[in-house]
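# Summary of structural features
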Amino acid sequence: MKAIYAKLLQLDKPFYEVHEEGYDPLKAIVNFWDHYPLVTIREYLYAFDLKCKTLGTATESKLEAVQQTLFLADILRALMAYFLTHSRQIDTTQVKLSTLDLNMEEIRLTKKINDFFQSINQPKP
């Protein structure tokens with residue numbers, strides 16, 4: 001198989017996996033969050049943004065390209081799992097995420113930063 005087709009297939013696989021026997025969207029959601037805390041997701045998205053801004057320049061290694069393709073496939077898996085969970089009205093209250101505390105700490109930190117900028121950006125009476 002040509003390399004370019006292998007990359008395309010990697011991004012198509014999540015669409016077919018949802019039809020496999022025993023597919024559980026909740027497991028797909030947990031698996032995604034176990035592998036990608038918010039900080040890691042932000043780093044990947046920054047890398048994609050930089051890649052878009054420097055399109056046409058050879059700035060990444062083959063390993064980075066493979067990691068980015070795998071991340072995109074994992075994002076697709078998570079989005080599809082969330083969609084199926086929502087459309088099938090599956091109860092998510094029992095889902096336990098291993099990165100919950102780490103992600104909540106990131107949310108608290110960004111709230112503090114947001115509150116700071118809101119406080120200095122208030123109109124003066």
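Structure first, text after, so check above.
Residue positions are counted from 1 within each chain, in the order its sequence is given. Totals for whole chains, interfaces and linings use every residue, but because this is a predicted model, local features are given only for residues with pLDDT of at least 70 and side-chain atom pairs only at 80 or more, for both listing and counting. As a rule here, side-chain values come from all non-hydrogen atoms in the structure, and water together with hydrogens is ignored.

What follows concerns the overall build of the protein. Per the convention used, a helix needs a DSSP run of H or I reaching at least four residues, while a strand needs a run of E reaching at least two, with both numbered from the N terminus. A count of helices and strands for the protein gives five helices and zero strands. Taken from N to C terminus, the helices and strands of the protein fall in the order α-α-α-α-α.

This part takes up helix 2 (residues 25-35). The α-helix winds at 3.6 residues per turn, so residues separated by three or four positions along the chain end up facing the same way. Within the span of helix 2, buried status applies to Pro 25, Leu 26, Ala 28, Ile 29, Phe 32 and Trp 33. Axial view of helix 2: buried residues confined to an arc of 160°, hence all on one face. Exposed residues on helix 2 whose side chains face more than 90 degrees from its buried face are Lys 27 and His 35. Residue exposure (1.4 Å probe, protein chains only): buried if accessible area is under 20% of the type maximum, exposed if over 50%, otherwise partly exposed. The directions considered for the arc are those from the helix axis to the C-beta atoms.

Interaxial angle, 0 to 180 degrees, is taken between N-to-C directions of lines fitted to C-alpha atoms, where a helix line uses only the stretch in contact. It is the contact of helix 3 (residues 38-53) with helix 5 (residues 100-120), at a shortest axis distance of 8 Å, that shows an interaxial angle of 65°. Looking at the two axes, helix 3 sits roughly perpendicular to helix 5. Within the contact between the two elements, helix 3 uses Leu 38, Val 39 and Arg 42 and helix 5 uses Asn 103, Glu 106 and Ile 107. Residues belonging to the contact of helix 3 with helix 5 are distributed by class as follows: three nonpolar, one polar and two charged. To sort the angles, those under 35 degrees are grouped as roughly parallel, those over 145 as roughly antiparallel, those from 65 to 115 as roughly perpendicular, and the leftovers as oblique. Residue contacts follow a heavy-atom distance rule, with two residues in contact if any of their heavy atoms lie within 4.5 Å. Under this grouping Gly is polar, as are all residues other than the nonpolar Ala, Val, Leu, Ile, Met, Phe, Trp, Tyr, Cys and Pro and the charged Asp, Glu, Lys and Arg.

Let's shift gears to unusual backbone geometry. The phi dihedral of Gln 89 is positive, around 55°, even though this residue is not glycine. By the secondary structure assignment, Gln 89 is in the loop between helix 4 (62-87) and helix 5. Here Gln 89 falls in the exposed class, since its relative accessible area comes to 72%.

Buried residues of nine kinds, namely Ala, Val, Leu, Ile, Met, Phe, Trp, Tyr and Cys, make up a nonpolar core once their side-chain atoms join them within 4.5 Å. Of all hydrophobic cores here, the largest spans 12 residues; its members are Leu 26, Ala 28, Ile 29, Phe 32, Trp 33, Tyr 36, Ile 41, Tyr 44, Phe 48, Phe 71, Ala 78 and Ala 81. Taken together, the elements giving at least two residues each to this core come down to helix 2, helix 3 and helix 4. Among the elements that make up this core, the one with the highest residue count is helix 2 (five residues). With residues near it in sequence (within four places) discarded, Phe 32 still touches Ile 41, Asp 74, Ile 75 and Ala 78.

A few words on the pattern of salt bridges. Any carboxyl oxygen of Asp or Glu that lies within 4 Å of a side-chain nitrogen of Lys or Arg is treated as forming a salt bridge with it. Applying the stated rule across the entire model yields five salt bridges. The salt bridge partner of Arg 77 is Asp 74, with a shortest N-O separation of 3.1 Å. Separated by three residues within a single helix, Arg 77 and Asp 74 lie in helix 4, roughly one turn from each other. Of the residues examined, Asp 74 reaches a relative accessible area of 22% and is grouped as partly exposed. The partner of Glu 105 in a salt bridge is Arg 108, with the nearest N and O atoms 3.3 Å apart. Of this pair, Glu 105 and Arg 108 both sit in helix 5, separated by three residues, roughly a single helical turn. The class for Glu 105 is partly exposed, based on a relative accessible area of 43%.

In this section: the packing of aromatic side chains. Any two rings among Phe, Tyr and Trp, with Trp reduced to its six-membered ring, count as a pair given centres within 6.5 Å; such a pair is stacked if its planes are under 30 degrees apart, edge-to-face if over 60, and tilted if neither. The tally for this structure, following the rule as stated, stands at six aromatic pairs. Ring centres 5.3 Å apart and planes at 80° place the aromatic pair Phe 32 and Trp 33 in the edge-to-face group. There is no split in this pair, since Phe 32 and Trp 33 are both buried. Aromatic pair Tyr 44 and Phe 71: ring centres 4.4 Å apart, planes at 5°, arrangement stacked. Within this pair, whereas Tyr 44 is found in helix 3, its partner Phe 71 is found in helix 4, the two being separated by 27 residues in sequence. Judged on exposure class, the residue Tyr 44 and its partner Phe 71 are both buried.

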